[in-house]
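Below, each chain spelled out in residue letters.
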Amino acid sequence: LNIQARRKLVPAHAFADPSDDYHRFCMEFPFDETPDQLRAIDDVMADLGQPYPMDRLICGDVGYGKTEVAMRAAFKVVLDKKQVAVLVPTTILAQQHLQTFQERFREYPVSIDMVNRFRTSREQKATLDKLKQGEVDIIIGTHGVLSENIKYKNLSLVIVDEEHRFGVRQKEKLKKIKENIDYLAL
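Residues numbered from 1 in each chain as written. Predicted model: local features only at pLDDT ≥ 70, side-chain atom pairs only at ≥ 80, totals over all residues. Heavy atoms only, no water.

Quick word on the sheet that holds strand β6 (residues 182-185)
Right, on to step 1. One open sheet accounts for 6 strands, arranged β1-β6-β5-β2-β4-β3; its pairing is parallel. The open sheet is flanked by β1 (55-57) and β3 (112-115), the only strands paired with a single partner. Within this sheet the neighbouring strands show an average axis-to-axis angle of 15°, counted without direction.
Right, on to step 2. Sitting on the sheet, helix α4 (residues 66-79) touches β2 (83-87), β4 (138-141), β5 (155-160) and β6, and the angle it makes with β5 is about 170°.
Right, on to step 3. Packed on one face of the sheet, helix α5 (residues 91-104) meets β2, β3 and β4 and runs near 175° to β3. (Pairing = 2+ DSSP bridges. Helix = DSSP H or I, 4+ residues; strand = E, 2+ residues; numbered from the N terminus. Axes fitted to C-alpha atoms, helices over the stretch in contact; angles between N-to-C directions. Contact = heavy atoms within 4.5 Å.)

Here it is, written out as structure tokens:
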């Protein structure tokens, strides 16, 4: 309750209206959006345009298109030169998301990387150094993205996939990283 109260008082970055790049990104989605998916996208975009932190939960069955909602939010954030952290419960899902995000963003100058146990210590250190310098736009990982050792240059959005698989303490820890970050749970 205390964290939520503080978040309501802290100003957050109000993201710019969608650009031509954003509209082109949306048009490249290879499927037809459902009315519910479009409503969720519109709600998230409206939240990101507000001067206070977003706290939104997107619910839907497998195949609903929640990841596309998250990727559009991430794209909008990255367009404003901010960073995105994607938290997932398993290393396999982190690898899948890395591939999905890289494929979807392949036409754009967006740096996407991952931290999880599939990476060597040297690879992870290099990734975290780039993240701290702002050279990684989107970081995907398991509990490691909650680590106090991870430093972000300009974190603005946290996306939690399969949020029901994380405990309250873990989710609250994310919101404590930076009180004015936007939070999107799937």
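Regarding the pairing of β2
Right, on to step 1. In terms of residue burial, β2 counts as a mostly covered element, since 5 of its 5 residues are buried.
Right, on to step 2. Residues Gln-83, Ala-85 and Leu-87 point to one face of β2 and Val-84 and Val-86 to the other, with burial holding for every one of them.
Right, on to step 3. Here β2 pairs with β5 via 5 bridges, running parallel. In the strand pairing of β5, Val-84 is matched with Leu-157. (Buried < 20%, exposed > 50% of the residue type's maximum accessible area, 1.4 Å probe, protein only.)

Let's talk about the pattern of salt bridges
Right, on to step 1. The final tally for this structure, using the stated rule, is 12 salt bridges.
Right, on to step 2. Notably, a salt bridge pairs Arg-56 with Asp-43, separated by 4.0 Å at the nearest N-O pair. Of this pair, Arg-56 sits in strand β1 while Asp-43 sits in helix α3 (residues 35-48), and the two are 13 residues apart along the sequence.
Right, on to step 3. Residue Arg-56 is classed as partly exposed on the basis of its relative accessible area of 25%. (Salt bridge = Lys/Arg side-chain N within 4 Å of Asp/Glu carboxyl O.)

Some details on the nonpolar core
Right, on to step 1. With 38 residues, the main nonpolar core has Val-44, Val-84, Phe-101, Phe-105, Ile-138, Ile-159 and Leu-184 as its most contacted residues.
Right, on to step 2. Within the residue set of this core, elements represented by two or more residues are α2 (20-27), α3, α4, β2, α5, β3, β4 and β5.
Right, on to step 3. Membership of the second largest hydrophobic core comes to 17 residues, among which are Ile-139, Leu-155, Val-160 and Ile-181. (Core = buried A, V, L, I, M, F, W, Y, C linked by side-chain atoms within 4.5 Å.)

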